Amino acid sequence: MVQMTASDQAIVKAMPGNTMCCDCGMKNPQWASVSFGNVFCLECSGVHRSLGVHISFVRSIAMDSWTDQQLAMMKTGGNDKLNAYLEQKGIGRRTPIKQKYESDAAQLYKLILKARVEGKPEPTQLPKPTPKSGGDANGMERLPGETDQQYIARQTRLREEAKARMAAKFGGSGMGGVGSGGRSSMQGIGSDPSYNPNWSSSSGGFGVDSLVSGLGSALNTAGSMASTVKNSVLSDENINAVRSTSSSFWGSLTAGVSSVASTVTSSSNADSDGLAQLQREVASHKPAQSKYGGVGSEGFMAKVPPSGFGGSTSAPPSGGFGNLVEAQGLPGEDRNGIVRLTGESDEQYVLRQTRLRDEARARMAAKFGGQGISSSSSSVGSSMSNSSAPAPASTVHEAPGLPGEDRNGIARLTGESDDQYVMRQTRLRDEAKARMAAKFGNGGSVMSSASSSKSAPNSGNAPSWLSKPAPAPASGGINSNDFFSSFGS
């Protein structure tokens, strides 16, 4: 199969009527039906495909592959030939596609076109449909229209025919000898040197009827035996005996359990069986408080050094910890955070948090001096209160940051230290104050007067504590020692 060449396409399109769709008249059709040798548009091709390939086999003129016989069908047919033939049969050009191509006239034209391509005589009528099978007359299924009496008569005939075939093959007694205690006619070649193929039930075998009757009698015997066993088992004497035995067994079991329970729980035997001693041992090891007592409980505070959290930074924690070692936690857990580590006890948690506190205080002292936070806060406060005082001379320069970062914002720049951040924010503050002074005069007196103006009178609905002035902070501020001391208390 190959695609249709340009010359073949030209031949097909040049066929009479092939310049338009065979069904709707649209120009330049690109689809074809190999079955009828006609061409049509894309929309009509969808309807042709829905009919099924047994009615119309659709192909694309430009995209699909074609066999030689299919090309011969297209070159032999044509839109005008098909429409002219169907119009003679009373089917117009614009007849609905399904009705048009499923008609007997269209199906006959399809056979005529195929015969012309293959060089065979053209048929004049459709072949007669082969009658559908009415069922197997030699089977067990009911035939169409067969009554009950006819079905029984047919099955009786089939059974008699089968018995006759079996008798002709195995002798007058059918399958006589199979499974019998004597000789069997089905033992195989060489199994019995005196084997006679013509041996039948007359010489010791038995037929199918005798086998069936013997099997029935065996089943009857088994049924009677089962009935006898059932009656003997379900007799009144056996049922009463079972009840008596079960009652006595249950009474013995109940008495035994009660005796054991009274022996275990009695106070007289408590010392002898060791139960009381076990209870006292468990009580002695029971903790006085839960391990979740938490900060503030007496047991917790007893383990904390007398100096609390605000003690000296140089003295290691003592009192209550002994030789306690910090928990290692699992890989990936943060040993420098406040989250409890896996398997960490209350004492280990307090020990680790105390170490982190001391390390933080040491860093604060190294950064701000002995005064801790108070020195930095007081210096910042003094610089804020005196806007005209020049900034102290320092060798620290502002960090340049990365391209694109805002050097006039409050966000820390990349690589900027604490001193550089404070220096940059101080500059921005001074520049802002200078702009305010240039705009409002007197160093921003408008804003200061607005903030220092008298508040509006109380309407009486607000609580009394809102009208009270806020307590003034301590003159010396709060240093790191006071902060951590208050935290510990």
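Residues numbered from 1 in each chain as written. Predicted model: local features only at pLDDT ≥ 70, side-chain atom pairs only at ≥ 80, totals over all residues. Heavy atoms only, no water.

A contiguous nonpolar patch, built from Phe-249, Trp-250, Leu-253 and Val-257 and spanning about 480 Å² of accessible area, is present on the exposed surface. Looking at the element boundaries, Val-257 is found in helix 9 (residues 236-265). (Patch = residues over 30% accessible without salt bridge, like charges linked within 9 Å, V, L, I, M, F, W, Y side chains within 5 Å. Areas by Shrake-Rupley, 256 points an atom, 1.4 Å probe, with all protein chains shown as cover. Salt bridge = Lys/Arg side-chain N within 4 Å of Asp/Glu carboxyl O. Helix = DSSP H or I, 4+ residues; strand = E, 2+ residues; numbered from the N terminus.)

The full count for this structure, using the stated rule, is 23 salt bridges. The partner of Lys-120 in a salt bridge is Glu-118, and the shortest N-O contact between them spans 3.3 Å. Here Glu-118 falls in the partly exposed class, since its relative accessible area comes to 35%. Between Asp-418 and Arg-412 there is a salt bridge whose closest N-O contact spans 3.2 Å. Overall, the relative accessible area of 32% leaves Asp-418 in the partly exposed class. When its relative accessible area of 45% is taken as the criterion, Arg-412 is described as partly exposed. (Buried < 20%, exposed > 50% of the residue type's maximum accessible area, 1.4 Å probe, protein only.)

A few words now on the packing of helix 3 (residues 68-76) against helix 6 (residues 104-118). Direction vectors running N to C along helix 3 and helix 6 enclose 115 degrees, while the axes themselves pass 10 Å from each other. With respect to their mutual orientation, helix 3 and helix 6 come out roughly perpendicular. With respect to the hand of their crossing, helix 3 and helix 6 are arranged in right-handed fashion. The residues of helix 6 that touch helix 3, namely those facing Gln-69, Ala-72, Met-73 and Thr-76, are Leu-113, Lys-114, Arg-116, Val-117 and Glu-118. Of the residues that constitute the contact of helix 3 with helix 6, the class distribution is 4 nonpolar, 2 polar and 3 charged. (Axes fitted to C-alpha atoms, helices over the stretch in contact; angles between N-to-C directions. Parallel < 35°, antiparallel > 145°, perpendicular 65-115°, else oblique. Left-handed = near helix turned anticlockwise from the far one by under 90°. Contact = heavy atoms within 4.5 Å. Nonpolar A, V, L, I, M, F, W, Y, C, P; charged D, E, K, R; others polar.)

So, about the confidence of the model for the protein chain. Low pLDDT marks regions whose predicted coordinates should not be analysed in detail. Per-residue pLDDT for the protein chain has a mean of 74; in total, 61% of the residues score no lower than 70. Contacts of residues 297-319 to residues separated by more than four positions or lying in other chains number 34 contacts, the stretch itself having pLDDT below 50. Scored below 50 in pLDDT, residues 443-462 shows 7 contacts in the model against residues more than four places distant or in partner chains. (pLDDT = per-residue confidence, 0-100.)

Further remarks concern the packing of helix 4 (residues 79-88) against helix 6. Here helix 4 crosses helix 6 at 135 degrees, and the two axes come no closer than 10 Å. Our classification of the angle between helix 4 and helix 6 gives oblique. For the pair helix 4 and helix 6, the sense of crossing is right-handed. On helix 6, the residues that touch Lys-81, Leu-82, Tyr-85 and Leu-86 of helix 4 are Ala-105, Ala-106, Leu-108, Tyr-109 and Ile-112. Per-class residue counts for the contact of helix 4 with helix 6 are 8 nonpolar, no polar and 1 charged.

Applying the stated criterion across every chain, the model contains 2 aromatic pairs. Centre to centre, the rings of Tyr-85 and Tyr-109 are 5.4 Å apart; their planes meet at 40 degrees, and the pair counts as tilted. Of this pair, Tyr-85 sits in helix 4 while Tyr-109 sits in helix 6, placing them 24 residues apart in sequence. Positioned over the ring face of Tyr-151 is Arg-142, at 4.9 Å from the centre of the ring. One Lys or Arg, Arg-340, reaches over the ring of Tyr-349 and ends 5.0 Å from the middle of that ring. (Phe/Tyr/Trp six-rings, centres within 6.5 Å; stacked < 30°, edge-to-face > 60°. Lys NZ or Arg CZ within 6 Å of the ring centre and 35° of its normal.)

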